[in-house]
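Chain by chain, the residues run as shown.
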Amino acid sequence: LVDAAVRYRPGGPLAIDGVSLDLPSGRRIALVGRTGAGKSTVAAVLLRFRDLSGGSATLGGHELASYDADDVRTVIGGYPQDPHLFDTTIGENLRIARPGASDDELAAVAARVGLADWIAALPMGWGTPVGPLGRAVSGGQRQRIALARALLADPAVLILDEPTAHLDIESRQLMTADLLAATAGRATLLITHDLSGLSQVDEVIVLERGIVAERGTHQQLLSAGRGYWQMWQAQAGTT
């Protein structure tokens, strides 16, 4: 993205204004900010759910809008804020991303997201039903199954939109640690309110009212003592 701008209605306010970011292979960026700051709008642009009102978005050197939206979503994979699990087994929920995946491939991706021991301990293993909307498993397990499915699809760029939403503090920290380990070496945009673990990403971008207010490494932003530092201090006081 270069100077990306989006309006949701003609003449309306800009949801994002002048946002630039680059996600080459292996680079991980965290996009943070309060609710309504424009974080999910950035994801919507990259996934071709929303067109730009200004600026540019490119993929492989070509304008993103020149690609069919479905083709874009095979290259840029999304993990929504409230991922849907289908009323079938754990294994089949993962194979939705890659129907021909082998048992070994399922086991490998489960290990990457911290599910392997739990699945091995289940009497029905991969054949365990998750129930309607995944209600037969815990919130943390549901998020990890969805993350495993996103990784199994193997997109060139992975967008994780609030992957620790609805989890308690301890579960959020564990989930963040596992997802950062699982995405090492993969171009990743992590959209999050949770600042734990962000010392491991290459860059943190802070959005405020659709504008980039701060950007840099986790340590650089803490040292600056501005909005990011204030968010960090506020979260530290709740743990």
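Before any of the text, the structure's been laid out above.
Since we're looking at a predicted model, the values are computed, not measured. (Residues numbered from 1 in each chain as written. Predicted model: local features only at pLDDT ≥ 70, side-chain atom pairs only at ≥ 80, totals over all residues. Heavy atoms only, no water.)

### Points about the overall build of the chain
Rule in force here: Secondary structure elements follow DSSP: runs of H or I no shorter than four residues count as helices, runs of E no shorter than two count as strands, and numbering proceeds from the N terminus. We take the radius of gyration over the C-alpha atoms and set the globule estimate at 2.2 Å times the residue count to the 0.38 power. The rule is simple: take the accessible area with a 1.4 Å probe, protein chains only, and divide by the maximum for that residue type; under 20% is buried, over 50% is exposed, in between is partly exposed. The contact criterion used is simple: two residues touch if any of their non-hydrogen atoms lie within 4.5 Å. What sets the accessible areas is the Shrake-Rupley method with a 1.4 Å probe; for residues, cover comes only from the shown protein chains.
Along the backbone of the chain there are nine helices and eleven strands. Computed over C-alpha atoms, the radius of gyration of the chain comes to 18 Å, within 12% of the 18 Å expected from 2.2 N^0.38 for 239 residues, which places it in the range of a compact globule. Counting over 239 residues, the chain shows a buried share of 47%. For the chain, contacts bridging at least 24 residues in sequence account for 66% of all contacts bridging at least 6. Counting only carbon and sulfur atoms, one obtains 51% of the accessible surface of the chain, whose full area is about 11,400 Å².

### Observations regarding unusual backbone geometry
In this structure, Leu 133 is a non-glycine residue whose phi angle is positive, near 60°. When you line up the elements, Leu 133 lands in the loop between α5 (116-121) and α6 (139-152). Leu 133 gets classed as partly exposed once you look at its relative accessible area, which sits at 44%.

### Section: the sheet that holds strand β10 (residues 203-208)
This is how the line gets drawn: Pairing between strands is defined by DSSP: at least two bridges between the two strands are required. Between the N-to-C directions of two axes lies an angle of 0 to 180 degrees, each axis being a line fitted to C-alpha atoms and, for a helix, fitted only over the stretch in contact.
Spatially, six strands are ordered β7-β8-β9-β3-β10-β11 in an open sheet, and the strand pairing comes out mixed. Looking at which strands have only one partner, the edges of the open sheet turn out to be β7 (76-79) and β11 (211-216). Mean inter-strand twist for the sheet, computed between neighbouring axes without regard to direction, equals 20°. Pairing between β7 and strand β8 (residues 157-161): four bridges, direction parallel. If you follow Gly 77 over to β8, its bridge partner there is Leu 158. Here α6 sits on the sheet and contacts β7 and β8; the angle it forms with β7, its principal contact strand, is near 175°. Its contacts with the sheet place helix α9 (residues 227-236) against β3 (28-32), β10 and β11, and it is angled at close to 95° to β10.

Interpretation in functional terms is not warranted from these geometric data alone.
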